[in-house]
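Residue-level listing of the chains:
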Amino acid sequence: MSGLRIEGCTVAFGGLRAIDNVTLAIPEGTITALIGPNGSGKSTFVNMVSGQIPPAAGRILLGGGAITGLRPDRIVHRGLARTYQVPKVPKELTIEEVISVPLRYARSDRPLPPGVRSAADLARYCGLRPAGGTRCGQLSVSDLRRLEIARALACRPDVLLLDESMAGLSLEDTEQVIALVREIHAAGVTVLVIEHVMRIIATLCRHAIVLNQGRLLAEGEPQRVLTDPDVREAYLGKGFTL
Ligand SMILES: Nc1ncnc2c1ncn2[C@@H]1O[C@H](COP(=O)(O)OP(=O)(O)OP(=O)(O)O)[C@@H](O)[C@H]1O
Ligand SMILES: [Mg+2]
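Small disclaimer: the values here were computed from a predicted structure and weren't measured. Sequence order as written defines residue numbering, which begins from 1 separately in each chain. Chain labels run from A onward and ligand labels from 1 onward, assigned in the order the entries are written. For this predicted model, a pLDDT threshold of at least 70 governs which residues receive local features, and a threshold of 80 or more governs which side-chain atom pairs are given and counted, while totals over whole chains, interfaces and linings are taken from all residues.

(A) Examining the site of ligand 1 more closely. Neighbouring ligand 1 are the residues Phe13, Leu16, Ala18, Gly36, Asn38, Gly39, Ser40, Gly41, Lys42, Ser43, Thr44 and Gln85. Only strand S2 (16-26) and helix H1 (42-49) provide two or more residues apiece to the shell around ligand 1. Polar here means any residue other than Ala, Val, Leu, Ile, Met, Phe, Trp, Tyr, Cys and Pro, which are nonpolar, and Asp, Glu, Lys and Arg, which are charged; Gly is therefore polar. Grouping the amino acids of the shell around ligand 1 by side-chain chemistry returns three nonpolar, eight polar and one charged. Using a C-beta atom placed from the backbone for every residue, we mark a residue as near a molecule or strand if that atom lies within 6 Å of it. In this description a helix means any DSSP run of H or I spanning at least four residues, a strand means any run of E spanning at least two, and both kinds are numbered starting from the N terminus.

In structure tokens:
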């Protein structure tokens, strides 16, 4: 297991600082929430730490070692995997094909979830039915979100970043994905959950981070963060109750 820490990181798009001199930690062994209004920089944070958009300033540490400026595939090898808010899977491939690629190239010295040996096992672990050669273009939103998680798990991460994995799901599907996240965490993975439903954050997470306009607004225990006056003002609304 290993935690993630970013120190003084900035990502700018022209004049817009999507991440603005942010220092924060995702403690090892936690399920941590990353919350904040639309456009506050949450997905940019994921793009930054996973190497898609390297920071213009600052340091990123994974398990105590610097990963700043490394290529995305090197960062995966160091133990970090992510999902995409808008699922990115080739429509013409099958579930097993999508999972097989990272499974084949990931470092084999890291464990897979208990009982998982193949792409089909990993699909089933995430609640997918891989049989029948269904193409990804035919999958529902719920299955696409599960496939994103399965593909990330195939990288055998120590730290897993989930960018709105429950968005657009039914209540029942949401409960199933929550159970899956708990299981992944119980198997030893540090998890970051980006989510707009505060009930999920409050029940699932031990640590919470709030971004607002690219800046760190609050960090700490979820019950405390969700009652913070600045967080209510910027994000939740004054009448917010859990
Ligand atoms: N590739 C890009 N080029 C230019 N601007 C970008 C790019 N990616 C993000 N932005 C801008 O950076 C800001 C942060 O966007 P980001 O997608 O990180 O927000 P978010 O917190 O994930 O929002 P949401 O909750 O809607 O997913 C926004 O103003 C967005 O328009
Ligand atoms: Mg986003």
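The rest of the description comes next.
(B) The arrangement of the environment of Glu97 in detail. Locating Glu97 in the fold gives a position in helix H3 (residues 95-105). To sort residues by exposure, count the other C-beta atoms lying within 10 Å of each residue's C-beta; 20 or more gives buried, 12 or fewer gives exposed, and values between give partly exposed, all with C-beta atoms placed from the backbone. A count of 16 C-beta atoms within 10 Å places Glu97 in the partly exposed class. Taking the C-alpha atoms as reference points, Glu97 and Ala120, separated by 23 residues in sequence, lie 9.4 Å from one another.

(C) Fine view of the pairing of strand S1 (residues 4-13). Any two strands between which DSSP finds at least two bridges are classified as paired. Sheet topology note: the S1/S2 ladder contains seven bridges and is antiparallel. Looking at S2, one finds that Phe13 is bridged to Leu16. Here S1 folds back onto S2, and the loop between the two strands holds two residues, one of which, Gly14, carries a positive phi near 60°. Bridging between S1 and strand S4 (residues 57-62) involves five bridges; their strand directions are antiparallel. Across the sheet, Leu4 pairs through a bridge with Leu62, a residue of S4.

(D) View of the sheet that holds S4. With antiparallel pairing, four strands are arranged side by side in an open sheet as S2-S1-S4-S5. The two strands at the open ends of the sheet, each matched to only one other strand, are S2 and strand S5 (65-66).

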